Amino acid sequence: MSESTPTALPTVVIGAGPIGLAAAAQLVERGITPLVLEAGPTAARAVREWSHVRLFSTWAELVDPAAEKLLAPTGWVKPDSASYPTGGDWAAQYLRPLADVLGDRVRYGSHVTGVSRTGRDRVVDADRAQQPFTVHITQADGREERLSARAVIDASGTWSTPAPLGGDGLPALGEHTAADRISYRVPDLKDPAVRVRYAGKRTAVIGSGASAFTALVSLAELAKEVPGTHAVWILRRGLSGSTFGGGAADQLPARGALGLAAKAAVDNGTADAVTGFRTAAVEPSGDRLVLIGEDGRRLDPVDEAIGLTGFRPDLTFVGELRLALDERLQAPVALAPLIDPNVHSCGTVYPHGVNELSHPEQDVYLVGMKSYGRAPTFLAMTGYEQVRSIAAALAGDQEAAERVELTLPETGVCGGAGLFDEPEAAASGGCCAAPAT
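Residues numbered from 1 in each chain as written. Predicted model: local features only at pLDDT ≥ 70, side-chain atom pairs only at ≥ 80, totals over all residues. Heavy atoms only, no water.

Asks: Go over the side chain of Asp303 with me, naming the residues and quoting the values.
Replies: Structurally, the position occupied by Asp303 is in the loop between β13 (288-293) and β14 (304-307). Overall, the relative accessible area of 14% leaves Asp303 in the buried class. A polar side-chain atom of Asp303 sits 3.2 Å from a polar atom in the side chain of Arg288. Excluding its chain neighbours within four sequence positions, the residues that come into contact with Asp303 are Arg181, Lys201, Arg202 and Arg288. (Helix = DSSP H or I, 4+ residues; strand = E, 2+ residues; numbered from the N terminus. Buried < 20%, exposed > 50% of the residue type's maximum accessible area, 1.4 Å probe, protein only. Polar contact = N/O pair within 3.5 Å; in protein donor to acceptor, adjacent residues only side chain to side chain. Contact = heavy atoms within 4.5 Å.)

So this is what it looks like as structure tokens:
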């Protein structure tokens, strides 16, 4: 870069997903030059990989306001605000047009391998804040490049790092060996090549969130068409009134309906629930798999396993930055108490921005799914509010940065410990509902 002062440099945004593109739109609205670095060949690469999954947010909640302003002059028309798109719809009808209008401010095939301060590793204090950021990139053809930036917004998400089956956070013994029978994504059962993998088979679904619900409901639909199709739903906790979410009380109706559909699959016998099971090992049994729990239980053999136990942030390329991350969630320390599933089971967090997302390293932010670390239940509109606040702060408008401009929906279910069954904690009634705004 030829610019000599940090303020003349672009703000680098890592990742051209929904939140990264929204960050770029917010920066443009503030007169700040963004440079979005995307490792894949197109925008919204992760979203395209779950293009068959229908979101439980409506279009009204999936379009960033600054992005909509940027798209308006192109003749773009916002889809029906009350309808629910699939991931494919979101990518094709909104994210791709947004990336197109951003033009050369988005660079594809640019894999970020490291971020630091120019001439300063993590240890060095001297003049640290005055140095621009240096961003190391590997291009799709293998070439290496180094860019300078005035600020860095990491919106790279967590999609590339799914959690393993093991209940201790490590891969279960034999998990790698059985990799050809284990998937970590919600299957697209409309794809003939995927459908044949699960049709007429017995499949273990490990996980307790919306992705697990979606997989269970999809397998239940397949069971209606193909006899012998059956799901074994494996939960690390027990079944309770809150297991299936808020139901009719959820302020996102489609999310509530998804939980109720998963409950119906269990109630009608299409899926069997195995509770209190924390996977320790996966063993072959002929051409099938046997899951073994930490307590020694051995489940009946299954043909396939789908691990939907969450995701983790990839922090390897930001290791030279001074980040304040919670020791449990790997989320920013000020945000972590609001989203910690050890405390909150309902998944509602009040809108937050630059104050909760700041680090000792000035002008670097983790946003979107990555800001939640290992916590679940992230909503797109949460990320849009995050980047609106950050863009305002980078523009020097602290009043706007600290102003709340969003009210988030509640699940309708609030409770205590969300990771283990602890009756005392559940009875305490600790609620994570959003306060009035």
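On we go.
Asks: Which residues make up the pairing of β14, and what values do they have?
Replies: Along β14, one buried face is formed by Glu304 and Ile306 and the opposite face, lined by Ala305 and Gly307, is buried too. Pairing of strand β8 (residues 182-183) with β14, which is carried by two bridges, proceeds in the parallel orientation. Paired with Ile182 across the bridge in β14 is Ala305. Two elements, strand β9 (residues 202-206) and β14, share four bridges in a ladder whose sense is parallel. Across the sheet, residue Ile206 finds its bridge partner in β14, namely Gly307. (Pairing = 2+ DSSP bridges.)

Asks: Outline the packing of aromatic side chains, listing residues and values.
Replies: Applying the stated criterion across every chain yields a total of five aromatic pairs. Seen from their ring centres, Trp76 and Tyr94 are 6.1 Å apart, and the 50° between their planes marks the pair as tilted. Of this pair, Trp76 sits in the loop between α3 (65-71) and α4 (87-102) while Tyr94 sits in helix α4, placing them 18 residues apart in sequence. The same class applies to Trp76 as to Tyr94, namely buried. Residue placement shows Arg117 over the ring face of Phe133; its charged tip is 3.9 Å from the ring centre. (Phe/Tyr/Trp six-rings, centres within 6.5 Å; stacked < 30°, edge-to-face > 60°. Lys NZ or Arg CZ within 6 Å of the ring centre and 35° of its normal.)

Asks: Can you explain the layout of surface pockets? Please cite residues and give values.
Replies: In this structure, the second largest pocket occupies an estimated 610 Å³ of space. Elements with a contribution of two residues or more to the lining of the second largest pocket: α6 (210-225) and α7 (253-267). Among the elements that take part in the lining of the second largest pocket, α6 stands out by supplying six residues, more than any other. Of the residues assigned to the lining of the second largest pocket, the class counts are twelve nonpolar, four polar and six charged. (1 Å grid on protein atoms, 1.4 Å probe; cavity = no way out; pocket = protein on both sides within 12 Å on 5 of 7 lines; lining within 4 Å. Points joined across faces, edges and corners; volume = space filled by probe spheres on them. Nonpolar A, V, L, I, M, F, W, Y, C, P; charged D, E, K, R; others polar.)

Asks: So what about unusual backbone geometry? Which residues, and what values?
Replies: Here the phi dihedral of Ala44 falls at roughly 55°; this positive angle occurs in a residue that is not glycine. Along the polypeptide, Ala44 turns up in the loop between β2 (34-37) and α2 (45-49). Among the residues examined, Ala44 registers a relative accessible area of 2% and is labelled buried. We note that Asp127 has phi near 55°; this positive angle belongs to a residue other than glycine. Following the sequence through the fold, Asp127 ends up in the loop between β4 (110-117) and β5 (133-139).

Asks: Outline the sheet that holds β4, listing residues and values.
Replies: Strands pair in a sheet through their backbones, by hydrogen bonds, and they do so in one of two ways: parallel or antiparallel. On the basis of which strands lie adjacent, the open sheet formed by three strands has the order β4-β5-β6 and antiparallel pairing. Edge positions in the sheet fall to β4 and β6 (144-149), since each has one partner strand and no second. Strand-to-strand, the axes of this sheet are offset by a mean angle of 25°, without reference to chain direction. Pairing of β5 with β6, which is carried by six bridges, proceeds in the antiparallel orientation. Opposite Ile137, over in β6, you have Glu145 as the bridge partner. (Axes fitted to C-alpha atoms, helices over the stretch in contact; angles between N-to-C directions.)

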